[in-house]
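Structural features, examined
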Amino acid sequence: QVQLVESGGGLVQPGGSLRLSCAASGRIASIYDMAWYRQAPGKQRELVANILGGGTTTYADSVKGRFTISRDNVKNTVYLQMNSLKPEDTALYLCNVVARTNFPPSVRGYWGQGTQVTVSS
């Protein structure tokens, strides 16, 4: 009922920047939490940042001061501005959205397919 499309990944040199976007569409009544996760090869998926409906944000310690999460509630889109990128930031970045639908009535999380970020010289 809800589709997520991520974009903005790519190859960047250490110290560079990227901006990820994740747009939600479908039979959405409300969106609550929006978050970015990442998963590197051979590692567990980890929470990078999340933003609540009221705008409260949290970040993983490893990205504090470098990454900024934001959302556009009109466009149902969440962004992740990534600055001062490091090789250890290389991973598949996945968007997660908690949304309410009315038909059928439910509140649940949805995942996107992910966008690859590679930081390398």
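As a starting point, this report considers the structure included with it. (Residues numbered from 1 in each chain as written. Predicted model: local features only at pLDDT ≥ 70, side-chain atom pairs only at ≥ 80, totals over all residues. Heavy atoms only, no water.)

1. A few points about the side chain of arginine 71
Residue placement: arginine 71 occurs in strand S7 (residues 67–72). Of the buried charged residues, arginine 71 lacks a salt bridge, with aspartate 33 as the closest side chain of opposite charge at 5.9 Å. Within the structure, arginine 71 has its side chain in polar contact with the backbone oxygen of isoleucine 31 (distance 3.4 Å). A distance of 3.1 Å separates the side chain of arginine 71 from the backbone oxygen of leucine 52, its partner in a polar contact. (Helix = DSSP H or I, 4+ residues; strand = E, 2+ residues; numbered from the N terminus. Buried < 20%, exposed > 50% of the residue type's maximum accessible area, 1.4 Å probe, protein only. Lys, Arg positive; Asp, Glu negative; His and termini not counted. Salt bridge = Lys/Arg side-chain N within 4 Å of Asp/Glu carboxyl O. Polar contact = N/O pair within 3.5 Å; in protein donor to acceptor, adjacent residues only side chain to side chain.)

2. What to know about the side chain of threonine 115
Structurally, the position occupied by threonine 115 is in strand S11 (residues 115–119). For threonine 115, a relative accessible area of 10% puts it in the buried group. Separated by 3.1 Å, the side chain of threonine 115 and the backbone nitrogen of glycine 9 make a polar contact. Setting aside residues no more than four positions away along its own chain, threonine 115 makes contact with Glu6, Ser7, Gly8, Gly9, Leu20, Ala91, Leu92 and Tyr93. (Contact = heavy atoms within 4.5 Å.)

None of this, on its own, says anything about what the molecule does.
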